[in-house]
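# Breakdown of the fold
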Amino acid sequence: MTDLTPITALGTAEAPSVAFGPLTVAEDARLGLASLALRRGADVPEPMGLKLPGPGDCVAGAGVGAFWTGPGQWMLEAPGRAEEDFAAEVARNAPGCSVTEQTDGWAAFDIVSDAGAAPVDALLERLVNLPPASLLPGKATRTVLEHLGVFVIRRAGDRLTVLGMRSAAGSLWHALTVAAKRREDAG
Amino acid sequence: MLIPHPLLGPRDAQEFTYLGDARLLERPDPAAENAEARFCDYVYLRDNPAGVHRELWFHEHGDRSWLVVTRDTVTHEILGAELAADVKGAGA
């Protein structure tokens with residue numbers, strides 16, 4: 001059998017991680033994703049015991065999370081399970097809903113602060129044109145970042161995940177690292 | 001320009017694309033007797049008011065919902081926004 005070498009969205013063997021002062025920007029190559037959409041008139045399911053969040057919000061459950069992407073639509077996340085058929089598990093747990101595999105469509109970048117929420121807030125000011133209230137901890141939203149459509153997920157005050165098109169992973173990595181570097185340089 | 005999204009709060013107009021007059025929601029019945037004439041009006045005739053106008057905006061870089069935005073075309077003041085699905089559902 002052909003011996004294939006898996007690579008990350010940025011084309012490297014290992015997911016890169018770079019520190020800029022208190023902020024660390026890292027690719028998460030192991031995030032499994034599946035989208036879930038309700039059919040017309042359907043009831044909201046609770047896949048894997050997860051209570052799906054309302055507009056602009058995200059939730060984390062046991063080994064699985066979800067964020068709202070549109071009316072009647074959510075993205076489900078499974079950290080560390082990019083190599084599994086996560087969509088099939090979601091489909092089994094959400095009968096009657098439309099479930100689509102999304103892992104291969106996105107590149108995920110985690111931004112973690114070891115100095116509390118302030119550096120993340122300062123970085124967000126540079127990245128996205130949104131009111132701070134829409135990116136408080138527990139919020140997730142789709143928006144534009146350097147002309148790229150992205151999901152910005154504020155998992156906690158000191159944790160942020162940005163999901164962008166996998167085909168534009170390099171551009172998004174550039175945007176995130178340049179902004180983090182400039183924030184560091186500006187003190 | 002900020003558009004007050006009914007679900008997500010104020011959003012930059014850059015996240016949206018513009019379609020036009022919200023009367024596009026009132027598609028004529030193709031089975032009606034005078035359907036051809038009504039479709040002709042529906043496709044070609046638009047009001048172009050200098051003042052308050054109801055128009056369709058698509059939240060393309062957001063939750064991808066259609067909004068009916070009430071805007072003053074003279075001042076660009078946004079007077080309100082609602083989900084087009086709600087407007088259509090209400091039969092307006």
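Just so we're clear, the structure is a prediction, and the values are computed from it rather than from any experiment.

Along chain B, the regular secondary structure elements total 2 helices and 6 strands. Written out in order from the N terminus, the α and β elements of chain B read β-β-β-α-β-β-β-α. Taking the principal axes of its C-alpha atoms as reference, chain B extends roughly 45 × 30 × 20 Å. Out of the 92 residues in chain B, the part that is buried amounts to 22%. Counting contacts in chain B only where the partners sit at least 6 residues apart, residues at least 24 apart contribute 50% of the total.

What follows covers the overall build of chain A. Secondary structure assignment for chain A yields 3 helices and 11 strands. Counting from the amino terminus, helix and strand elements in chain A follow one another as β-β-β-β-β-β-α-β-β-α-β-β-β-α. Expected size for 187 residues packed as a compact globule is a radius of gyration near 16 Å; at 17 Å, chain A falls within 12% of this value. Overall, the C-alpha framework of chain A stretches about 50 × 50 × 30 Å when taken along its three principal axes. When burial is assessed residue by residue, chain A has 37% of its 187 residues classed as buried. Within chain A, residue pairs in contact and separated by at least 24 positions form 58% of the contacts whose partners lie at least 6 positions apart.

What follows deals with the interface of chain A and chain B. Think of interface size as the accessible area that goes away when the parts come together; that is how it is often given. If you look at the interface, chain A gives 13 residues, while chain B gives 12 residues. Of all elements in the fold, only β5 (65–70) and β9 (140–145) of chain A reach the threshold of two or more residues within the side of chain A that touches chain B. At 4 residues, the largest contribution of residues to the side of chain A that touches chain B is made by β9(A). Split by residue class, the side of chain A that touches chain B holds 4 nonpolar, 8 polar and 1 charged.

The next subject is the pairing of strand β4 (residues 52–58) of chain B. Residues and elements named next belong to chain B. When strand β3 (residues 17–21) meets β4, the two strands line up antiparallel, connected through 4 bridges. Bridge pairing in β4 places Thr-17 opposite Phe-58. As paired elements, β4 and strand β5 (residues 66–72) share 7 bridges and run antiparallel to each other. Across the sheet, Glu-55 pairs through a bridge with Val-69, a residue of β5.

Averaged over every residue, the pLDDT of chain B is 92; the share at 70 or more is 98%. At the level of chain-chain contacts, confidence expressed as ipTM amounts to 0.85, with global pTM at 0.90.

So, about the sheet that holds strand β7 (residues 98–101) of chain A. Residues and elements named next belong to chain A. Reading across from one edge, β4-β5-β6-β3-β7 is the order of the 5 strands in this open sheet, with antiparallel pairing throughout. Each edge of the open sheet carries a strand with a single partner, namely β4 (58–60) and β7. For this sheet, the mean inter-axis angle between neighbouring strands, taken without regard to orientation, is 20°. Relative to β7, strand β3 (residues 32–37) runs antiparallel, the two sharing 4 bridges.

Reading the values: the criteria
Residues numbered from 1 in each chain as written. Chains lettered and ligands numbered in written order. Predicted model: local features only at pLDDT ≥ 70, side-chain atom pairs only at ≥ 80, totals over all residues. Helix = DSSP H or I, 4+ residues; strand = E, 2+ residues; numbered from the N terminus. Buried ≥ 20, exposed ≤ 12 C-beta atoms within 10 Å, placed from the backbone. Contact = placed C-beta atoms within 7 Å. Rg over C-alpha atoms; globule rule 2.2 N^0.38 Å. Nonpolar A, V, L, I, M, F, W, Y, C, P; charged D, E, K, R; others polar. Pairing = 2+ DSSP bridges. pLDDT = per-residue confidence, 0-100. Axes fitted to C-alpha atoms, helices over the stretch in contact; angles between N-to-C directions.

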